[in-house]
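# Residue-level structure breakdown
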Amino acid sequence: MLNISSWNLRSWVNMIVLVLLALVPVLVSWSGNEFYLDIATRLVILAMAAVTLNLILGYGGMISFGHAGFLGIGAYAVGIPVYHEIYDGFLHFPIAIIGSATFALITGMICLRTKGVHFIMITMAFSQMVFYGFVSIEDYGGDDGLVIEARSEFGGLFDMENNTTLYYFCFICLLATIYIVRRVVNSRFGMVIQGAKGNERRLQSLGFNTYRYQLACYVLAGAICGFAGALLGNFTSFISPEMMDWSRSGELIFMVVLGGTATLFGPLLGTTAFLLLEEYLPHVIDLVYKGGGVYWQLYFGIILILVVLYMKGGINGFLSRREGSK
Amino acid sequence: MANVILKVTDLYKSFGGVAATDHVNLDVIEGEIHAVIGPNGAGKTTLISQLSGDLAPDGGQVEFQGEDITHAPAWTRALMGLARSFQITSIVHELTMIDNVALSVQAHAGHSFRFWQPAREATELQEPALAALRQVGLEDRAHVVSRNVSHGEHRQLEIAMALAANPSLLMLDEPMAGMGSDESAKMVNILSGLKGQKSMLLIEHDMDAVFALADRITVLVYGRAIATGTPEEIRENEDVRKAYLGDEAA
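Everything numeric here is computed off the predicted structure, so don't read it as measured data.

This part is about the overall build of chain B. The helix and strand tally for chain B stands at 9 helices and 10 strands. Computed over C-alpha atoms, the radius of gyration of chain B comes to 18 Å, within 12% of the 18 Å expected from 2.2 N^0.38 for 250 residues, which places it in the range of a compact globule. Dimensions of chain B, computed from the C-alpha atoms along their principal axes, are close to 60 × 40 × 40 Å. Residues counted as buried form 44% of the 250 residues belonging to chain B. Counted over contacts in chain B with a minimum sequence separation of 6, partners at least 24 positions apart contribute 66%.

Turning our attention to the overall build of chain A. When helices and strands are tallied, chain A shows 12 helices and 2 strands. Mapped from its N terminus to its C terminus, chain A presents α and β elements in the order α-α-α-α-α-β-α-α-α-β-α-α-α-α. The C-alpha radius of gyration of chain A comes to 20 Å, within 12% of the 20 Å expected for a compact globule of 326 residues. Taken along the three principal axes of its C-alpha coordinates, chain A extends 55 × 50 × 40 Å. Sorting the 326 residues of chain A into buried and exposed places 47% on the buried side. If you take every contact in chain A between residues at least 6 apart in sequence, the share linking residues at least 24 apart comes to 75%.

Turning to unusual backbone geometry, a few remarks are in order. Phi at Ser237(A) is positive, roughly 60 degrees, even though this residue is not glycine. Looking at the secondary structure, you find Ser237(A) in the loop between α8 (210-236) and β2 (238-239). Positive phi values are uncommon outside glycine, yet Gln65(B) reaches one of about 50 degrees. Positionally, Gln65(B) belongs in the loop between β4 (59-64) and β5 (67-68). Residue Gln65(B) is classed as partly exposed on the basis of its 16 C-beta neighbours within 10 Å.

Residues and elements named next belong to chain B. The sheet contact formed by strand β9 (residues 216-221) and strand β10 (residues 224-229) spans 5 bridges and is antiparallel. Along β10, the bridge assignment pairs Thr218 with Thr228. Two successive antiparallel strands, β9 and β10, enclose a turn made up of 2 residues, where Tyr222 displays a positive phi of approximately 45 degrees.

The next thing to look at is the confidence of the model for chain B. All names here are of chain B. Summarising the model, chain B shows a mean pLDDT of 90, and 97% of its residues fall at 70 or more. No element of chain B has a lower mean pLDDT than helix α9 (residues 238-249), at 68, and none a higher one than helix α3 (residues 97-107), at 96. Scored by ipTM, the complex comes to 0.87, with pTM at 0.88.

Moving on, we come to helix α2 (residues 35-59) of chain A. All names here are of chain A. With 25 residues, α2 should cover 36 Å at 1.5 Å per step; its first-to-last C-alpha distance of 35 Å lies within 8% of that length. The largest bend in α2 is about 35 degrees, located at Leu53. Positive backbone phi, at 70 degrees, marks Gly61, one or two positions downstream of α2.

What follows is about the pairing of strand β2 (residues 18-29) of chain B. All names here are of chain B. Pairing analysis gives 9 bridges linking strand β1 (residues 4-15) to β2, with the strands arranged antiparallel. Within the sheet, the bridge partner assigned to Phe15 lies in β2 and is Val18. Adjacent in sequence and paired antiparallel, β1 and β2 are bridged by 2 residues, among which Gly16 carries a positive phi angle near 55 degrees.

Moving on to the domain arrangement of chain B. Residues and elements named next belong to chain B. Entries for chain B in the domain assignment read domain 1 (1-45 + 52-81 + 168-250) and domain 2 (91-166). Facing the 9 residues of domain 1 at the interface are 10 residues of domain 2. Residue assignment for the side of domain 1 that touches domain 2 shows that the elements contributing at least two residues are α2 (74-80) and α6 (181-194). Partitioning the side of domain 1 that touches domain 2 into residue classes produces 7 nonpolar, 1 polar and 1 charged.

The next thing to look at is the interface of chain A and chain B. Opposite the 22 residues of chain A that make contact, chain B presents 29 residues. Elements with a contribution of two residues or more to the side of chain A that touches chain B: α6 (163-186), α7 (188-206) and α8 of chain A. A class-by-class count of the residues in the side of chain A that touches chain B yields 8 nonpolar, 10 polar and 4 charged.

As a further point, take the sheet that holds β2(B). Residue and element names in this part refer to chain B. Here 4 strands make up an open sheet; going across it, the order is β2-β1-β4-β5 and the pairing antiparallel. Of all the strands in the sheet, the pair left with one neighbour each is β2 and β5. Seen against the sheet, helix α1 (residues 44-52) touches β1, β2 and β4 and runs at an angle of roughly 60 degrees to β2.

This brings us to the sheet that holds strand β8 (residues 199-203) of chain B. Residues and elements named next belong to chain B. Taken in spatial order, the 6 strands of this open sheet run β6-β7-β8-β3-β9-β10, and their pairing is mixed. The sheet is open, and its two edges are formed by β6 (82-85) and β10, each paired on a single side. Along the sheet, successive strands turn relative to each other by an average axial angle of 15 degrees, direction set aside. Looking at chain direction, β6 and strand β7 (residues 169-173) are connected through 4 bridges and run parallel. The residue of β7 that forms the bridge with Leu82 is Leu169. Those strands touched by α1 are β3 (33-37), β6, β7, β8 and β9, and its axis lies near 150 degrees from that of β7. Packed on one face of the sheet, helix α5 (residues 151-164) meets β6 and β7 and runs near 175 degrees to β6.

The interhelical angle for the contact between α7(A) and α3(B), taken along N-to-C directions, is 85 degrees, at an axis separation of 10 Å. Taken together, the axes of α7(A) and α3(B) are roughly perpendicular relative to one another. From α7(A), Arg188(A), Met191(A), Gly195(A) and Leu206(A) reach across to α3(B), where they touch Asp99(B), Leu103(B), Ser104(B), Gln106(B) and Ala107(B). Considering only residue class, the contact of α7(A) with α3(B) consists of 4 nonpolar, 3 polar and 2 charged.

Definitions and cut-offs
Residues numbered from 1 in each chain as written. Chains lettered and ligands numbered in written order. Predicted model: local features only at pLDDT ≥ 70, side-chain atom pairs only at ≥ 80, totals over all residues. Helix = DSSP H or I, 4+ residues; strand = E, 2+ residues; numbered from the N terminus. Rg over C-alpha atoms; globule rule 2.2 N^0.38 Å. Buried ≥ 20, exposed ≤ 12 C-beta atoms within 10 Å, placed from the backbone. Contact = placed C-beta atoms within 7 Å. Pairing = 2+ DSSP bridges. pLDDT = per-residue confidence, 0-100. Expected span 1.5 Å × (residues − 1). Bend = angle between axes of the 7 residues up to and from the residue. Domains from an automatic or database assignment. Nonpolar A, V, L, I, M, F, W, Y, C, P; charged D, E, K, R; others polar. Axes fitted to C-alpha atoms, helices over the stretch in contact; angles between N-to-C directions. Parallel < 35°, antiparallel > 145°, perpendicular 65-115°, else oblique.

Here it is in structure tokens:
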């Protein structure tokens, strides 16, 4: 891994993205523009969610259209205790993990009995249930959302109120998630998951109860995504059911596909590209065609369609092919 | 009589009123190669699918090593030592040859809820996998992604995956399907090399291969087992000639 002479274009791009992300707070303090730290924190948290989605979608072939539900559960695991003036992070994060893992276990047991389009629809239905569930709970703001007045406290270990600290905490969690997914994917468990994606019936005739493995994978991804949701709750200071709407789940899928499914760094590249486009595309369009920036979503949509049609394997696949043609 | 490893009693399966498996009785004796032959549509694959647990029978009983497995799911049968290969190649195309075989080894090496140590570095998986590939002559193709190898090699990989499970009974569904004569000869070689070591239930269209390999043959016509016997007996059998070999000749 650290043998630089053998690095290809892809490794370089991955490394540059990581180094830039690590340096964001430094760059921000130079430029004095706090806003970029905001984008970067959001990016890192969403990338973490995308990495976990990639575990089930990319490696496991389980196309979940409800992944934002876990983000929402994690965020409310911070928001609700804080509303009750419980600020302990050692409570928030376990609640987020256990809450989303339980939700993944119960819904996964049902969802995984279906395949293909049915699986997509039923995961979406369950996350919409959570969405409407939180909309209906007036105590916690209903669809108006909930203001989180303070961030999680870690008993003086580190101060999440400091934006730079929060950023680095999120960044380290992202690196840890990527590492965990890498280990899991290459483990015996990961081989079963990948095998079941390619040919589930065959894996069963080899002697694997694929259902159990897929369920475990679904719960693992959900749990880590819930953790990311708790980070998101800390970061945004305002949460609402809207953050677990099905269109949010769709965006997560897009980040994974854009970067390249079933690749280690694909989701990070995809999330980066997605958020940068979302942020800067309006300005770029305005430069080319004054006043056109308002309609940036139209162009964004066209770009996304072109990527799906012509960039097989997403950004990651594109970089690999450049490598091959050299 | 020697040990009966697989005993099928009065097995019945119908699809929309058509009996695909019509009260079939059949047994496989330990160590023998038992071939099932029959014209297209005789219900050979339907039969093997019920034995492997991929299809549920409507009636009758399947006993494996004295245990009733009629309603056991596919994965428990596999763990008990029943391995099958598929007529239409069924492998994981995205993985390498050795990954496919290693998964078969892994299935019998305890549970796979092991999330941390790299599976490709586990010698207890890789060595048996490589040995199975060697048995079918694929060891130098071990690290090729399965999608990129020939049809014949896919068929060999199927056998390697079945062998790697170290099964008590190997069920092969037309291992020579779609092969050229060179590849077929190679496969006959591989299988005759296993003769005596493994009990086998062999479904095959290639008559030369069947008569060269089988200890006993059961003839299936329209879902019914019309005869069972040694290759010589089957060759002499009038019913078989009429129902089956006659068809081929005509």
